[in-house]
Amino acid sequence: MIRVVLPAHLRTLARVDGEVELGEGLGTQRAVLDALEASYPMLRGTIRDHATGQRRAFVRFFACEQDLSHEPPDAPLPDAVVTGAEPFLVVGAMAGG
Amino acid sequence: MTGVRVLVGTRKGAFILTSDGRRQQWDIDGPLFAGWETYHLKASPADQARLYAAPSGGWFGQLIQRSDDSGKTWEPVGNQFSYDGVTGTHQWYDGTPHPWEFARVWHLEPSLTDPDTVYAGVEDAALFRSVDGGKEWRELPGLRGHDTGSSWQPGAGGMCLHTILLDPADPGRIFVAISAAGAFRSDDTGATWRPVNRGLKSDGIPDQDAEVGHCVHRIAMHPSRPGVLFMQKHWDVMRSDDAGESWQEISGNLPSDFGFPIDVHAHEPDTIYVVPIKSDTEHYPPDGKLRVYRSRTGGDEWEALTNGLPQRDCYVNVLRDAMAVDSLEDCGVYFGTTGGQVYASADAGDSWAPIVRDLPAVLSVEVQTLP
C-alpha cells in the first residue's frame, strides 16, 4: 500500500483528512499520481500540468528524507515508499503563493 | 423580502455578504476557498442559486468551483484551459515574441439565459466557454487568432482578458477587453472578432491611435442601452454611442482620469461611476482622499461622492472588477479596496458605509439582487 501526504490546500480540495492510502504495486511517481488522480479527480491539474503532465513548478515530491522532485516520472520509488513503510510527500514549495 | 448578496473575491479566498433590502445589517460568510487567490466569482442571471468561482494560486494552479445552492456548498468542476491549436507568440514587455502561457482566470461571465453556459477570460489573453456548467472549457480561438494577436502585449498586471459583456438585445454580440490590447467585439457569438478601439489614444505605444495596444481597464454597459459603452482606460474615461465603433473622451473635470473600475446606475443609463486614482505609478487616490465620482450626464460633468468615505490618509486602490451595482429601487453601489474594505451605498452613492473593513485585498465585487 502506498501512503501519500498532501499539502493542506489539496487535502481540503480532495476532502480528505490525514494521509491518502492507495493500492498495491505502484512503483513509480507516475503510477502513484495516476492512481491519486483517479481516486480524486479534483486534483487533476493541481500537481501536474494538464497539458504536459509535468510537475507544476511550485510542487515538490519528497520521500525518505530525499527530494524526488527531479527524478524521472517512471523511475522506481524507494522500497520503503512502495511497501508503505514511508509516505510519499506532495509538498508546496516554500515560495508558491 | 428583497435583499442583496455581495460576492467578494480576495487575495486569500472569497466572501459572501448578505443583507435585506435596507442594506444596513450584513451577514458575512467566508472565507471560501481559504488561501486561494480568488480573482472573481459571479452568479448566473438565469438561476440565482448557481454561482461560479475561479480560485487559483501559485502552487496548485487554477480551480473552477460551482455552487448550486447560492454558495452554501461548492464542487470543483473542470480546470483544464488548453489553448486551441498552435499557440504562437504575443509581444513581451520589451517587444520580443513570447509564447502564450495560461496563468489564471481573471473573469467569469455566466450566460444571460442558460445557467450551464459560462465564459472565462484568462491570462494570457483568451476567451473560453463552457456549456456544461463548467466541466469542460473550450477556447473561442477566433479572438486570440485575430491578425493582431501576435502584437498584443501585457499590461502591468499581465496580459489578461478581464471584461466580458454580453449584449442582452443581441445574443450574438459579445464585447471583451484585454490589457494591453484593447476592446474587441464579436457579432457571431464569439466565432470572429474585430478590434473596436477607434478614438482611443495611448502614449505607451509607438502609434498612439493604433488599432490595438491600448490598456483598457474596464468597460461597462447598461442593459437597456447596450450600444452605449463606458470605458475606464489606463488614462482617460471614454464613451461610445455606437457599440464601440468610435470612442470619445468624457474625463471632463475628474481630478485624475486614471483608474480601474467603471459602472452604470441600475436605473439611470447616463449615471456612471468611477474611482479616480492618482497615476499609473501611484495606485492610490489623489490627496489621500477616497472619492467615488458620479456623472449624471453620461460623462464630462462629475461630482465627488465623499460622505462616509475616508478623506485623509487613504492610500488604497480599487481594482477593475471591484465595483458593482444592485437593482433595488434605490440603486445600491458597492466597491472593494486593496486594503480589504468593502463599501456600500444604498442611495446611489450619496452616502457610504463599510460592510466590512479587514478582508484580504479585494480583487472583485459582484452583486446579486434577490427577489
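Summary of the structure given here. Residue positions are given per chain, counted from 1 along the sequence in the order it is written. Whichever chain is written first is A, and whichever ligand is written first is 1; the rest continue in order. Selection of residues for local features in this predicted model requires a pLDDT of at least 70, selection of side-chain atom pairs for listing and counting requires 80 or more, and totals for whole chains, interfaces and linings are taken over all residues.

Thoughts on the overall build of chain A
Part 1 of the argument: Summing up its helical and strand segments, chain A has 3 helices and 5 strands in all.
Part 2 of the argument: Element order for chain A, N to C, with α for helix and β for strand: β-α-β-α-β-β-α-β.
Part 3 of the argument: Put simply, the radius of gyration uses C-alpha atoms, and a globule should come to 2.2 Å times the residue count raised to 0.38. Taken over C-alpha atoms, the radius of gyration comes to 12 Å for chain A, in line with the 13 Å a tight globule of 97 residues would show.
Part 4 of the argument: Taken along the three principal axes of its C-alpha coordinates, chain A extends 30 × 25 × 25 Å.
Part 5 of the argument: A fraction of 55% describes how many contacts in chain A between residues 6 or more apart in sequence connect residues 24 or more apart. Secondary structure follows DSSP: runs of H or I at least 4 residues long count as helices, runs of E at least 2 residues long count as strands, and numbering of each begins at the N terminus. Any pair of residues counts as being in contact when their C-beta atoms, constructed from backbone geometry, are within 7 Å of one another.

Description of the nonpolar core
Part 1 of the argument: For our purposes the nonpolar core covers buried Ala, Val, Leu, Ile, Met, Phe, Trp, Tyr and Cys residues that link as a set through C-beta atoms within 7 Å. Three exposure classes are used, all based on how many other C-beta atoms lie within 10 Å of a residue's own C-beta (placed from the backbone): buried at 20 or more, exposed at 12 or fewer, and partly exposed between those limits. Formed by 109 residues in total, the largest nonpolar core has its most connected members in Val6, Val8, Val176, Ile219, Tyr334, Val342 and Val365 of chain B.
Part 2 of the argument: With residues up to four places along the chain from it excluded, the contact list for Val8 of chain B reads Ala14, Phe15, Leu17, Gly336, Val342, Leu359, Val362 and Val365 of chain B.
Part 3 of the argument: If you look at the next biggest cluster of nonpolar residues, it comprises 23 residues, including Ile2, Leu22, Leu26 and Val32 of chain A.

Digging into the sheet that holds strand β24 (residues 272-277) of chain B
Two pairing modes exist for strands in a sheet, parallel and antiparallel, and in both the strands are linked by backbone hydrogen bonds.
Residue and element names in this part refer to chain B.
Part 1 of the argument: Here the rule is simple: two strands pair whenever DSSP picks up at least two bridges between them. Across the sheet, which stays open at both edges, the 4 strands sit in the order β23-β24-β25-β26 with antiparallel pairing between neighbours. Pairing within the sheet leaves two strands with one partner each, and these edge strands are β23 (258-264) and β26 (303-305). Taking each pair of neighbouring strands and ignoring which way they run, the sheet shows an average axis angle of 30 degrees.
Part 2 of the argument: With 5 bridges joining them, β23 and β24 adopt antiparallel strand pairing. If you follow Asp263 over to β24, its bridge partner there is Tyr273. To define axes, lines are fitted to C-alpha atoms, for helices over the stretch in contact only, and angles between the resulting N-to-C directions are given on a 0 to 180 degree scale.

Brief notes about the interface of chain B and chain A
Accessible area lost on assembly of the parts is the figure often given for the size of an interface.
Part 1 of the argument: Counting from both sides, the interface comprises 11 residues of chain B and, opposite them, 15 residues of chain A.
Part 2 of the argument: Polar here means any residue other than Ala, Val, Leu, Ile, Met, Phe, Trp, Tyr, Cys and Pro, which are nonpolar, and Asp, Glu, Lys and Arg, which are charged; Gly is therefore polar. Considering only residue class, the side of chain B that touches chain A consists of 3 nonpolar, 8 polar and no charged.

Considering unusual backbone geometry
Residue and element names in this part refer to chain B.
Part 1 of the argument: Of note, the amide linkage connecting Gly30 to Pro31 takes the cis form, showing an omega dihedral of 0 degrees.
Part 2 of the argument: Mapped onto the secondary structure, Pro31 falls in strand β3 (residues 27-32).
Part 3 of the argument: Between Glu123 and Asp124 the backbone carries a cis peptide bond, its omega angle lying at -10 degrees.
Part 4 of the argument: Looking at the secondary structure, you find Asp124 in the loop between β12 (118-123) and β13 (126-130).
Part 5 of the argument: Of note, Ser70 is a non-glycine position whose phi angle comes to about 65 degrees, a positive value.

Looking at helix α2 (residues 29-39) of chain A
All names here are of chain A.
Part 1 of the argument: Three or more residues of α2 are buried, namely Gln29, Val32, Leu33 and Leu36. For α2, the arc enclosing every buried residue in end-on projection is 90 degrees, short of the 170-degree limit, so these residues lie on one face.
Part 2 of the argument: At its buried positions, α2 is contacted by β1 (2-5), β2 (20-22), β3 (59-63) and β5 (88-92). In this description, one arc is meant: the one made by directions from the helix axis to the C-beta atoms.

Looking at the sheet that holds strand β31 (residues 362-370) of chain B
Residues and elements named next belong to chain B.
Part 1 of the argument: Strand order in this open sheet of 4 strands is β3-β2-β1-β31, and the pairing throughout is antiparallel. Every interior strand has two partners, whereas the edge strands, β3 and β31, have only one. Ignoring strand direction, the axes of neighbouring strands in this sheet form an average angle of 15 degrees.
Part 2 of the argument: Across 8 bridges, the pairing between strand β1 (residues 3-10) and β31 is antiparallel. Residue Gly3 lies in a different strand from β31, and its bridge partner there is Leu370.

A few points about the environment of Asn307 of chain B
All names here are of chain B.
Part 1 of the argument: Looking at where Asn307 falls in the secondary structure, it is placed in the loop between β26 and β27 (323-325).
Part 2 of the argument: C-alpha of Asn307 to C-alpha of His265: the two residues are 42 residues apart in sequence and 18 Å apart in space.
Part 3 of the argument: Beyond its immediate stretch of four places on either side in the chain, Asn307 contacts Asp350, Ser351 and Trp352.

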